[in-house]
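# Structural overview for review
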Amino acid sequence: MTQSMPDPRLDVRGAVDLSSFGRPTAPPPGAPGGAPAASGVVEDVTTETFPALVDRSREVPVVALLWIATDEAIARFGALLGTIVESYGGRLLLARIDVQEHPTIGQAFQVQGVPTVVAILGGQPVPLFQGAADEAQVREVLDQVLTAAESNGITGRVAGTGEPEEAEAPAPEPELPPLHAAAYEAIESGDLDAAIAAYSQALKEDPRDAQAAAGLANVQLLARTASANLAEVRDAAAQRPDDVDAQLAAADLDLAGGHVEDALGRLLDLVPRVGGDERETLRLRLLDYFAILGQEDPRVGPARRRLATALY
């Protein structure tokens, strides 16, 4: 089997030479003050059970922690590593091996200091790092282990962990009113006139139908900009800054292109400079823009206030 092995290249510190003595001790795993007891995706492995662990690595990626379980600092790191592995939902198995209790395993891995972390994939050891790494470093390495395992078809899970819960299916969208549905169908078929007629009828039946108002304003914007020549519209707006029709056409293209502030500002700047029917035309177009954007859009409130000031 060809392995695509992780290459973490960590520069971590904190490894304890196996010949050192006199370090603070901790209770054994499971006792108060010690590392958590083995359970779920965490197993304590002995010389006798090690061959079975190697066999399991052909189905589930194994992360082997070679440690001294009663060393205080190493026990803290072992607890952190166990918590991280648990967060992978059974996609990894953490095998803890006390090299003082089972020195032949440590010798097989040529361990010079503890903690040492080694992956076992398909029966083959993959050195990861030596010393106590932080959570971000550990997760980066474990992600690489999973990538290598998946590329070699090692995708099993630890028994009893199950598949992750599926996200709850979203609630079905409410059925559209008939006229709204007719408008959508007309838009999809490219018949903008029919869509305008459907939304207009919906507003006639219920003038408070905000969705119909927004839909109508959107479709009318599409109709106005469908055949517009961008260069010509921009040039006309630049040449005639006080021409309402020229500025309306440019504002439509601004809004259709996502330049909301430009569209609003262009028309709001013009409102105080014109009067009569032209001012009313600008007011109505701005109200259409507000409907398209929606009242929750943070740009609508300030624009409404500015329009009111300009009008009154």
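Parameters and conventions
- Residues numbered from 1 in each chain as written.
- Predicted model: local features only at pLDDT ≥ 70, side-chain atom pairs only at ≥ 80, totals over all residues.
- Heavy atoms only, no water.
- Helix = DSSP H or I, 4+ residues; strand = E, 2+ residues; numbered from the N terminus.
- Phe/Tyr/Trp six-rings, centres within 6.5 Å; stacked < 30°, edge-to-face > 60°.
- Buried < 20%, exposed > 50% of the residue type's maximum accessible area, 1.4 Å probe, protein only.
- pLDDT = per-residue confidence, 0-100.
- Contact = heavy atoms within 4.5 Å.
- Pairing = 2+ DSSP bridges.
- Right-handed = clockwise from strand over helix to strand, strands pointing away.

So, on to unusual backbone geometry. Cis geometry is adopted by the peptide bond preceding Pro115, which originates at Val114 and carries an omega value of 0 degrees. Counting through the fold element by element, Pro115 comes out in the loop between strand E5 (113-114) and strand E6 (116-121).

Applying the stated rule across the entire model yields two aromatic pairs. Relative to Phe109, the ring of Phe50 has its centre 5.9 Å away and its plane inclined at 85 degrees; by these criteria the two rings are edge-to-face. Here the residue Phe50 occupies a position in helix H1 (residues 50-56), and Phe109 occupies one in the loop between helix H3 (103-108) and E5, the gap between them amounting to 59 residues. Neither residue differs from the other here; Phe50 and Phe109 are each classed as buried. The interplanar angle of 75 degrees and the centroid separation of 6.3 Å between the aromatic rings of Phe77 and Phe129 together place this pair among those described as edge-to-face. One end of the pair, Phe77, is in helix H2 (residues 72-86); the other, Phe129, is in strand E7 (residues 124-130), and 52 residues separate them in sequence. Phe129 matches Phe77 in its accessibility class, with the two residues each being buried.

Note: predicted coordinates in regions of low pLDDT should not be interpreted at a detailed level. Averaged over all residues, the pLDDT of the protein is 87; the fraction at 70 or higher stands at 89%. Within the protein, strand E1 (residues 16-17) has the poorest average pLDDT of any element, 56, and strand E4 (residues 93-98) the best, 97. Within the model, pLDDT remains below 50 along residues 9-14, and this stretch shows 15 contacts once partners closer than five positions in the same chain are excluded.

With six of six residues buried, E4 lies mostly within the body of the structure. On E4, burial covers both faces: Leu93, Ala95 and Ile97 on one face and Leu94, Arg96 and Asp98 on the other are all buried. Relative to E4, strand E2 (residues 42-44) is paired through three bridges, and the arrangement is parallel. Of the residues in E4, the one forming a bridge with Glu43 is Ala95. Judged from the six bridges that link them, strand E3 (residues 62-67) and E4 form a sheet pairing that is parallel. Paired with Trp67 across the strands is Asp98, a residue of E4. Regarding the hand of the β-α-β motif, the stretch spanning E3, H2 and E4 is right-handed.

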